[in-house]
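The chain contents come next:
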Amino acid sequence: MKLLSVIVPAYNMEEYLEQCVESILRTPSLAQVEIVVVNDGSKDRTLRVARQYEERYPDTVRIIDKENGNYGSTINAALPIVRGKYVKILDADDCFDGSRVAEMLAFLRKMEGVDMVITPFVEVGRRKERRVEYNIYGRKIYEYGKVYDADKVFVDGAIRFFMMHSVCYRTALLREMAYRQSEGVSYTDQEWVFYPLFRVATIAFADIPLYRYNVAREGQTMDIKVQMRSLSQLVTVTENMALYFAESSDRLSSEVRKAFLRNIVADRMRILYRKYLLGMDKTQFAKSSFAGVDERLNVLAEECGIENLSVPVNNLLPVDLLRHWRRCGRRYTTFTRWVLRTIDSFMVALHAMIFR
C-alpha cells in the first residue's frame, strides 16, 4: 500500500503538467507515492504527456481519462481507486517543492492515523513568493508535530477556514463518509476543505511548505475577472455547502464543531454578497438576477441557523452592504462603492504589511 496518493486534476494543462509531475518524482522515497492524473477531457496534449509518465513510472503514475465534467468530477473519479493511506490534491498548474516530499512522507509515517495534516504553502507570483501560514492575524498557537483534537482547533479562533493547498486527509476517512464533490462547476475546492470537517477527529500541523501555488497564470479560476464571470458557479457551490450543513448538522454532537462549520457557510455567503454588492459593475449586476440569489441565500441562512447575517466591507469597515440592499432595494451608488473599495484595498494592504 502506498503512503500518499496525489490526485492531479488536469484540463488542457500540457504546458504545466510536466513541471507538476516532475516535482513529485524527484523524491528518493518514490516507492511510497502514487500520482493519479485525471485527464478531464483535455483538447490539447495533456493526455499524451501523462501517458509518457505512466509508461516510464508504471508503479507510481496512473491515468484516468474521462469526459469533461469539471473539477469535482476529477476528484470523484480518483478517490475510489487511490491506494495511499493519505491523499492530497495538486492542481496541474501548481507543483510541490520536490525537496520537501520525503519530509512530508516521513511526517505522515510518524503521524499515521491522524485524520488531517495541515502545512503552510507558498504563493508563487511573477516577481515574488510568499509563505502562507495556517494561522490568521499572525497567531501561531499550535505546535508542529503534535496531534490535536479537532474541536480544540475549531474553538480556538486562530483558524477560521482551511485552504486546499494546505490539507492532506486520511483516505479511509473520506471513503467512510462517501465523500463526493459537486460536478459541472468550478470552485469545488471549497467543498474539499469543508465536508470532511464533519468527520475529522484529529489534526496535526507540519512545518513543511510543500505546495507551491501558482498565482501568476492568467485565466485561472481564482483570477478576479474570471470569478466575476463565474459567480453563478460560486453561488452553486455555496448553496451546496449550505444544504449539506443544514442536512447534516443535527447529527453533530459537538456544538463547537457545529458553530465552526456554520461560520464557514456564513463567510462563503458574505464573500458572494460582497462580489455582487460591491465588486460587480453596473452592467453585470443588471444581468445577474441578484434578487433571486439573495432570496435563495436568505432561505438557506435561516435553515443553517445563521441569524442576522451582515455583510460588512471588511472586519474593520462595518458598512453593511446587505442591510442597505434589503432596506433600499438597491446598491450603494457607484461613487460610494468606489470609495468603499478604495478604503478596503488600503486596509488589506496595511493588514498584509503588519501581519505578513
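Going by the structure above, here's the rest.
Residues numbered from 1 in each chain as written. Predicted model: local features only at pLDDT ≥ 70, side-chain atom pairs only at ≥ 80, totals over all residues. Heavy atoms only, no water.

(A) The packing of aromatic side chains, seen in detail. Evaluation of the coordinates by the stated rule reveals 21 aromatic pairs. Relative to Tyr244, the ring of Phe198 lies with its centre 5.0 Å away and its plane at 80°, an arrangement referred to as edge-to-face. You can see Phe198 sitting in the loop between α7 (189-192) and β11 (202-205) and its partner Tyr244 sitting in helix α9 (residues 231-248), a full 46 residues away along the chain. For the ring pair Tyr276 and Phe290, a centre distance of 5.1 Å and an interplane angle of 40° mean the geometry is tilted. Residue Tyr276 is located in helix α10 (residues 255-279), and its partner Phe290 is located in helix α12 (residues 290-303); the two are separated by 14 residues in the primary sequence. (Phe/Tyr/Trp six-rings, centres within 6.5 Å; stacked < 30°, edge-to-face > 60°. Helix = DSSP H or I, 4+ residues; strand = E, 2+ residues; numbered from the N terminus.)

(B) Fine view of the packing of α10 against α12. Two numbers describe how α10 lies on α12: the axes approach to 12 Å, and their chain directions differ by 160°. Considering their axes alone, α10 and α12 lie roughly antiparallel with respect to each other. Crossing angle aside, the handedness with which α10 passes α12 is left-handed. Side by side, α10 and α12 meet where Met269, Leu272, Tyr273, Tyr276 and Leu277 of the first sit next to Phe290, Val293, Asp294, Leu297, Asn298, Leu300 and Ala301 of the second. Class assignment of the residues belonging to the contact of α10 with α12 gives a composition of 10 nonpolar, 1 polar and 1 charged. (Axes fitted to C-alpha atoms, helices over the stretch in contact; angles between N-to-C directions. Parallel < 35°, antiparallel > 145°, perpendicular 65-115°, else oblique. Left-handed = near helix turned anticlockwise from the far one by under 90°. Contact = heavy atoms within 4.5 Å. Nonpolar A, V, L, I, M, F, W, Y, C, P; charged D, E, K, R; others polar.)

(C) Spotlight on the sheet that holds strand β12 (residues 211-214). Taken in spatial order, the 4 strands of this open sheet run β5-β12-β7-β8, and their pairing is mixed. Edge strands, defined here as strands with exactly one partner in the open sheet, are β5 (95-96) and β8 (129-132). As paired elements, β5 and β12 share 2 bridges and run antiparallel to each other. Within β12, the position partnered with Cys95 by the bridge is Arg212. (Pairing = 2+ DSSP bridges.)

(D) Structural detail: helix α13 (residues 321-328). Along α13, the residues that are buried comprise Leu321, Leu322, His324 and Trp325. Around the axis of α13, the buried residues are gathered within 160° of arc, so they sit on the same side. Those residues of α13 that are exposed and aimed more than 90 degrees away from the buried face are Arg323 and Arg327. Residue Asp320 occupies the N-cap position of α13, its side-chain oxygen lying 3.1 Å from the main-chain nitrogen of Leu322. (Buried < 20%, exposed > 50% of the residue type's maximum accessible area, 1.4 Å probe, protein only. Arc of directions from axis to C-beta. Polar contact = N/O pair within 3.5 Å; in protein donor to acceptor, adjacent residues only side chain to side chain.)

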